[in-house]
Amino acid sequence: QLTGRKRVVLWPPEEDGHLYVEGSSSRVANIDAWNDDEFPLFRRAVPARRECELGPGDVLFLPALWFHNVTSIGFSVALNVFWRSHHGDPRSG
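As a starting point, this report considers the structure included with it. Just so we're clear, the structure is a prediction, and the values are computed from it rather than from any experiment.

Section: the pattern of salt bridges
Scanning all chains against the criterion turns up seven salt bridges. The partner of glutamate 53 in a salt bridge is arginine 5, with the nearest N and O atoms 2.5 Å apart. Separated by 48 residues along the polypeptide, glutamate 53 in strand 4 (residues 50-54) and arginine 5 in strand 1 (residues 3-11) bring together distant segments of the chain. With a relative accessible area of 43%, glutamate 53 lands in the partly exposed category. When its relative accessible area of 35% is taken as the criterion, arginine 5 is described as partly exposed.

Section: the layout of surface pockets
Taken as a whole, the largest pocket spans an internal volume of roughly 1200 Å³. The wall of the largest pocket is formed by 32 residues, among which Leu60, Leu62, His68, Asn80 and Phe82 lie closest to the centre. Mapped onto the lining of the largest pocket, the elements with two or more residues apiece are strand 1, strand 3 (25-26) and strand 5 (67-77). Residues belonging to the lining of the largest pocket are distributed by class as follows: 23 nonpolar, seven polar and two charged.

Parameters and conventions
- Residues numbered from 1 in each chain as written.
- Predicted model: local features only at pLDDT ≥ 70, side-chain atom pairs only at ≥ 80, totals over all residues.
- Heavy atoms only, no water.
- Salt bridge = Lys/Arg side-chain N within 4 Å of Asp/Glu carboxyl O.
- Helix = DSSP H or I, 4+ residues; strand = E, 2+ residues; numbered from the N terminus.
- Buried < 20%, exposed > 50% of the residue type's maximum accessible area, 1.4 Å probe, protein only.
- 1 Å grid on protein atoms, 1.4 Å probe; cavity = no way out; pocket = protein on both sides within 12 Å on 5 of 7 lines; lining within 4 Å.
- Points joined across faces, edges and corners; volume = space filled by probe spheres on them.
- Nonpolar A, V, L, I, M, F, W, Y, C, P; charged D, E, K, R; others polar.

As structure tokens, this is what we get:
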């Protein structure tokens, strides 16, 4: 996080069946006030969620396949880096 603050909510991969995922996104637009009639399983994912607030200088590592929801708290600038571990011989490309 370069400047400003962000709220980050994370769910582990095993919660995907409760998050109404389509493609790489959840159909649940409001994670704090969802519609129980439309998304009845979402309530089951709530206890598994982890939440933090990032401020200037903070770094957060998101493990592969973890679902996340990020909300800026006012003006915010961040830098994202997508990193992929390559196992085996580094010369293999």
